[in-house]
Amino acid sequence: MSNHLAISSAAEPLAVPRRVVAKEEVLQYLTFSLGDEVFAMDIRSVREIIQFNAMTIVPLMPEFVRGVINLRGAVVPVIDLKSRFGRAVAQMGKKTCVIIFDVGAEGDKVELGLLVDAVSEVIEITASQIEPPPQFGTTIEREFILGLGKVGSEFIVILEPERALCIDDMAALAAKGHAT
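Predicted, not measured: the structure shown is a model, and the values here were computed from it.

Participant: Go over the nonpolar core with me, naming the residues and quoting the values.
Facilitator: Judged by nonpolar contacts, the single largest core of 25 residues is most densely connected at Phe32, Leu81, Phe85, Leu114, Val116 and Leu165. Secondary structure elements with two or more residues in this core: β1 (26–34), β2 (37–42), β6 (97–103), β7 (110–116), β10 (145–151) and β11 (154–159). Apart from residues lying up to four places away in sequence, Leu114 is in contact with Met41, Ile79, Leu81, Cys97, Val98, Ile99, Phe101 and Leu165. If you look at the next biggest cluster of nonpolar residues, it comprises nine residues, including Val76, Ala90, Val98 and Leu115.

Participant: Account for the pattern of salt bridges, naming residues and giving values.
Facilitator: Summed over all chains, the structure comprises seven salt bridges. Between Glu111 and Arg47 there is a salt bridge whose closest N-O contact spans 2.6 Å. Taken together, the residues Glu111 in strand β7 and Arg47 in strand β3 (residues 46–51) connect sequence positions 64 residues apart. For Glu111, a relative accessible area of 22% puts it in the partly exposed group. Of the charged contacts, one joins Asp80 and Arg66 as a salt bridge, the two residues approaching to 2.7 Å between their closest N and O atoms. Of this pair, Asp80 sits in strand β5 (residues 74–80) while Arg66 is found in strand β4 (residues 65–71), placing the two residues 14 residues apart along the sequence. You can call Asp80 buried: its relative accessible area is 0%. A single network of salt bridges, built from pairs that share partners, joins Arg47, Asp102 and Glu111.

Participant: Tell me about the sheet that holds β2, and name the residues and values.
Facilitator: The sheet built from six strands is open, its strands ordered β8-β1-β2-β11-β10-β9 with mixed pairing. The two strands at the open ends of the sheet, each matched to only one other strand, are β8 (118–126) and β9 (130–131).

Participant: Describe in detail the environment of Thr96, supporting the description with residues and values.
Facilitator: With respect to the helices and strands, Thr96 occurs in the loop between α1 (81–84) and β6. As for Thr96 and Gln51, which are separated by 45 residues in sequence, their C-alpha atoms are 6.9 Å apart. Other than its neighbours up to four places away in sequence, Thr96 contacts Gln51, Phe52, Gln91, Leu115, Val116 and Asp117.

Participant: Residues and numbers for the layout of surface pockets, please.
Facilitator: Of the voids in this model, the largest pocket is the one considered here, and its volume is about 200 Å³. In terms of lining residues, the largest pocket is bounded by 14 residues, among which Asp42, Arg44, Ser45, Glu160 and Pro161 are the most central. Of all elements in the fold, only β1, β2, β11 and α2 (161–164) reach the threshold of two or more residues within the lining of the largest pocket.

Participant: Give a detailed account of the sheet that holds β3, specifying residues and quantitative values.
Facilitator: Ordered by their spatial adjacency, five strands build an open sheet running β3-β6-β7-β5-β4, and the pairing between neighbours is mixed. Here the strands that pair on one side only, and so sit at the sheet edges, are β3 and β4. Strand after strand, the sheet turns through a mean of 30 degrees between neighbouring axes, direction not considered. When β6 meets β7, the two strands line up antiparallel, connected through seven bridges. Looking at the pairing, Asp102 lines up with Glu111 of β7.

Rules used throughout
- Residues numbered from 1 in each chain as written.
- Predicted model: local features only at pLDDT ≥ 70, side-chain atom pairs only at ≥ 80, totals over all residues.
- Heavy atoms only, no water.
- Core = buried A, V, L, I, M, F, W, Y, C linked by side-chain atoms within 4.5 Å.
- Buried < 20%, exposed > 50% of the residue type's maximum accessible area, 1.4 Å probe, protein only.
- Helix = DSSP H or I, 4+ residues; strand = E, 2+ residues; numbered from the N terminus.
- Contact = heavy atoms within 4.5 Å.
- Salt bridge = Lys/Arg side-chain N within 4 Å of Asp/Glu carboxyl O.
- Pairing = 2+ DSSP bridges.
- 1 Å grid on protein atoms, 1.4 Å probe; cavity = no way out; pocket = protein on both sides within 12 Å on 5 of 7 lines; lining within 4 Å.
- Points joined across faces, edges and corners; volume = space filled by probe spheres on them.
- Axes fitted to C-alpha atoms, helices over the stretch in contact; angles between N-to-C directions.

Function cannot be inferred from these measures alone, as they are strictly geometric.
Set out below in structure tokens:
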């Protein structure tokens, strides 16, 4: 019985099995605060951040629609995110600002302004760092939450703007408020 050892010549390199590691997609989120809580939303939907200024009050609107602003000739409704989440109306402070973002299906996008207490920073979170929304125990409706982003030892609530700020849902709430 002979044992043959295969020897590779210089012209024929040994095939070394390589472990293929897929690069995980990194997503960017804008973080902002409402009171003591930190929230985030996908930066791709954010158009700009502006300092809070006076706005025009629109009669017969739900409490969470604080008014409209003139943004370079366009009328943009401003949503008080605290109030939209069923909390007290936001109080204006030095860091209060409006996040201008697009909501709605592609081709049917609408600009909205989100009134928040302060904008923090843009952070990067990979898909594996995002946990599904908890079944209970959140301070806002579960359907408004895309997931919980694990950043260090903390979790940041990542909003699902298509649900939390759905134009049709907000219009239905406004109509319901007028019917009572």
